[in-house]
Amino acid sequence: MTNINAHWLNYIDGEWVDSANQLKVHQPATGEPLATIAQASVVDAQRALDAARRCADSNELNRVRPAQRVTWLLQIAAEIRAVAEEGAWVLCKENGKSLNDARDEFTEAARYFEYYAGMADKIEGTSIPLGNGYMDFTQYDPMGVSAQIVPWNFPVSICARSLAPALAAGNAVVIKSPELSPLGMCVLIRAIAKVGLPKGAVNLICGRGREVGSYLVSSKQVDQIVFTGSVPTGQSILHAAAENATPSVMELGGKSAALVFADADRQQVLSSVKSGIFFNAGQVCSALSRLLVQREIYDEIVDLVVNMAEGLSVDIGEHNPDLTPVISAGQLAGIEQLCRTAVEEGAVIATGGESFNDRAGHFMRPTVIRDVSPQMSIAQDEVFGPVLAVIPFDSEEDALAIANGTEFGLVAGVFTQDISCAMRCTRRLKAGQVFVNEWYAGGIETPFGGVGLSGFGREKGQEALYSYVRTKNVAIRVTGE
Ligand code: NAD
């Protein structure tokens, strides 16, 4: 079993290596220090890039018969399943999330490798008819070196989400873990390192975003950037990417709306709100953070939701409560500030609105804010905490205008028994994915990504694999025809 309080290392060119400096990792449940990890410098980042470059250029990953990559990915999945218990415990401690959810992250990580193992030998081009005298076909080449920057909210599953298709397509990868929650990813990469991938195929460094992250994304050695994180960081990475015209996948934030029509099934709404905004303490990019409710059932739904929120168990992750602490004191302070601003702008706290000041860790009360109007900051800004804004609407047209009235467009939901209403809304909602009658429906098999400030490119599903390859067309002049 891992000694969690140990000093953790970076993984570069097939070896676990230390750095001159270290970062402290704290426990959200207590605020106390938990462990230290080697803080990668730009020198470490360059070593990782060199290792990945050597691996990509040696073609060891992509010239093998694709069946070899299938084998590697399936072996990785098995190794991840073998460390899931240990890894879940580490992730629960460092991140504050429930043990069950941490376990699910490792299971999901294994599923990504199984899923993309199934595609690694099916990356097939097409043949294009050009008439007599020509043969034409396309092939998919790997990008080369993929730089992947991971956020703290689902570090293990998001890491696997980008790493598995990248390896399936034959890329070498440099991953930067998040400063606040890097340890579970070390357990993940330790499992992956047991499989005999070519040296330098996978590198993991933990360093400061502004130093090491920005160094990676500015490097000419990087052939692709995959970023999951906040909008301001994504924008700064895109500026750097523009310098080298580096292709990028951007998975950014959200302010996603569920439209609840008067005929909606109340149980479906309640269970969706419970997971939609309180799962992972609301620190989910696709959280159900705006509940748009038809005016005639507005008071009824607010009462039901408040009642549910007040009945949630709040505890440390090891006890598998409904609501866990948020990641840091800074995050908690930001969430409380957004609640105060909501009140100043005229909204009403129906329940919650502040932290538990009698608890040591970073615990926010489950919060429901009512009488929110669409232009208030609580209806426009991502909170990234257990805070639900409830907004009334009068008509379908009105609901769609409110739902589409932010700069984001990650996910959206529709709750109604009327299939025509659901289909009309689905067509018109500005979002990368729409849930009907169940928030978070879908899975690793379904493409995920945003529009507007929520980003571009798709992860998950078969479609994501094509984010990790380039199309090459080969046109051949055939003489004598
Ligand atoms: P963040 O943007 O602060 O950090 C994300 C990562 O970027 C971290 O590893 C950080 O070290 C690194 N980073 C910071 N500055 C950088 C720079 N200048 N150059 C390169 N890298 C840099 O985000 P966060 O606080 O870790 O995560 C929360 C945000 O992530 C929320 O906005 C959330 O919506 C978003 N998110 C999106 C998805 C998605 O799939 N769309 C999933 C999870 C989280």
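These numbers come from a predicted model, not from an experiment.

### Concerning the overall build of the protein
Next up, step 1: For the protein, the helix and strand inventory stands at 14 helices and 20 strands.
Next up, step 2: Along the first, second and third principal axes, the C-alpha atoms of the protein reach 75 × 60 × 40 Å.
Next up, step 3: Expressed as a percentage of the 481 residues in the protein, the buried residues total 58%.
Next up, step 4: Long-range contacts, defined as pairs at least 24 residues apart, comprise 73% of the intrachain contacts of the protein with a sequence gap of at least 6.
Next up, step 5: Surface exposure of the protein reaches about 18700 Å², of which carbon and sulfur atoms provide 50%.
Next up, step 6: One finds the centroid of the 39 positive side-chain charges in the protein at a distance of 6 Å from the centroid of its 55 negative side-chain charges.

### Overview of the site of the ligand
Next up, step 1: Taken together, 30 residues lie near the ligand, and Glu-179, Ser-230, Thr-233, Leu-252 and Glu-382 sit nearest.
Next up, step 2: Measuring from an oxygen atom of the ligand, one finds a backbone N or O atom of Val-150 at 2.9 Å.
Next up, step 3: In the model, an oxygen atom of the ligand is placed 2.6 Å from a nitrogen or oxygen of the Ser-230 side chain.
Next up, step 4: Here the ligand has 850 Å² of accessible area as a free molecule, and 89% of this is covered by the chains.
Next up, step 5: Elements represented by at least two residues in the shell around the ligand include exactly α4 (155–168), β8 (172–177), α6 (209–218), β10 (224–228) and α7 (231–244).

### Section: a nonpolar patch on the surface
Next up, step 1: Among the surface-exposed residues, Ile-128, Leu-130 and Tyr-134 lie close enough to one another that they form a single nonpolar patch of about 260 Å² accessible area.
Next up, step 2: Summarising the element assignment, Leu-130 is placed in the loop between α3 (99–117) and β6 (134–142).

### Remarks on the sheet that holds strand β1 (residues 7–8)
By way of backbone hydrogen bonds, the strands of a sheet pair with one another, either parallel or antiparallel.
Next up, step 1: In spatial order, the strands read β1-β5-β4; together these three strands make up an open sheet with mixed pairing. The open sheet has two free edges, formed respectively by β1 and β4 (21–26), since each of these has just one partner strand.
Next up, step 2: For β1 and strand β5 (residues 33–39), the ladder comprises two bridges, and the chain directions are parallel. Residue pairing across strands places His-7 opposite Thr-36, the latter belonging to β5.

### So, the environment of Ala-191
Next up, step 1: Structurally, Ala-191 is set in helix α5 (residues 183–193).
Next up, step 2: Judged by relative accessible area, Ala-191 falls into the buried class, the value being 0%.
Next up, step 3: As for Ala-191 and His-362, which are separated by 171 residues in sequence, their C-alpha atoms are 31 Å apart.
Next up, step 4: Setting aside anything within four residues of it in sequence, one finds Ala-191 in contact with Glu-79, Ile-80 and Val-83.

### Observations concerning the UniProt feature "active site" (unreviewed entry) in the protein
Next up, step 1: UniProt tags Glu-251 as "active site" (unreviewed entry).
Next up, step 2: Take Glu-251: it is sitting in strand β11 (residues 248–251).
Next up, step 3: Residue classification places Glu-251 among the buried positions, given a relative accessible area of 2%.
Next up, step 4: When neighbours within four sequence positions are excluded, Glu-251 is seen to be in contact with Arg-161, Phe-227, Thr-228, Gly-229, Phe-448, Gly-449, Gly-450, Ser-454, Gly-457, Arg-458 and Glu-459.

### Details of the packing of helix α8 (residues 266–278) against helix α9 (residues 298–310)
Next up, step 1: It is at 10 Å that the axes of α8 and α9 come closest, and there the two elements cross at 50°. By the criterion of interaxial angle, the relationship of α8 to α9 is oblique. Viewed along their axes, α8 and α9 form a crossing whose handedness is right-handed. Contacts from Arg-266, Leu-270, Val-273, Lys-274 and Phe-278 of α8 reach α9 at Glu-300, Ile-301, Leu-304, Val-305, Met-308 and Ala-309.
Next up, step 2: Looking at side-chain class alone, the contact of α8 with α9 contains eight nonpolar, no polar and three charged residues.

### Observations regarding the UniProt feature "domain: Aldehyde dehydrogenase" (unreviewed entry) in the protein
Next up, step 1: Mapped onto this numbering, the UniProt entry gives "domain: Aldehyde dehydrogenase" (unreviewed entry) at residues 16–474.
Next up, step 2: Taken end to end, residues 16–474 is 40% helix and 20% strand, and its first and last C-alpha atoms sit 41 Å apart.

### Quick look at the sheet that holds strand β13 (residues 288–294)
Next up, step 1: Spatially, the seven strands line up as an open sheet ordered β14-β15-β16-β13-β12-β17-β18, and their pairing is mixed. Looking along the sheet, the strands with just one partner apiece sit at the ends: β14 (348–351) and β18 (433–436). If you compare each strand with its neighbour and ignore which way they point, the axes differ by 25° on average.
Next up, step 2: By the bridge criterion, five bridges tie β13 to strand β16 (residues 387–393) in an arrangement that is parallel.

Conventions adopted
- Residues numbered from 1 in each chain as written.
- Predicted model: local features only at pLDDT ≥ 70, side-chain atom pairs only at ≥ 80, totals over all residues.
- Heavy atoms only, no water.
- Helix = DSSP H or I, 4+ residues; strand = E, 2+ residues; numbered from the N terminus.
- Buried < 20%, exposed > 50% of the residue type's maximum accessible area, 1.4 Å probe, protein only.
- Contact = heavy atoms within 4.5 Å.
- Areas by Shrake-Rupley, 256 points an atom, 1.4 Å probe, with all protein chains shown as cover.
- Lys, Arg positive; Asp, Glu negative; His and termini not counted.
- Charge placed at Lys NZ, Arg CZ, Asp CG, Glu CD.
- Near = heavy atom within 4 Å.
- Polar contact = N/O pair within 3.5 Å; in protein donor to acceptor, adjacent residues only side chain to side chain.
- Patch = residues over 30% accessible without salt bridge, like charges linked within 9 Å, V, L, I, M, F, W, Y side chains within 5 Å.
- Salt bridge = Lys/Arg side-chain N within 4 Å of Asp/Glu carboxyl O.
- Pairing = 2+ DSSP bridges.
- UniProt positions renumbered as here; feature names shortened; annotations may be inferred.
- Axes fitted to C-alpha atoms, helices over the stretch in contact; angles between N-to-C directions.
- Parallel < 35°, antiparallel > 145°, perpendicular 65-115°, else oblique.
- Left-handed = near helix turned anticlockwise from the far one by under 90°.
- Nonpolar A, V, L, I, M, F, W, Y, C, P; charged D, E, K, R; others polar.

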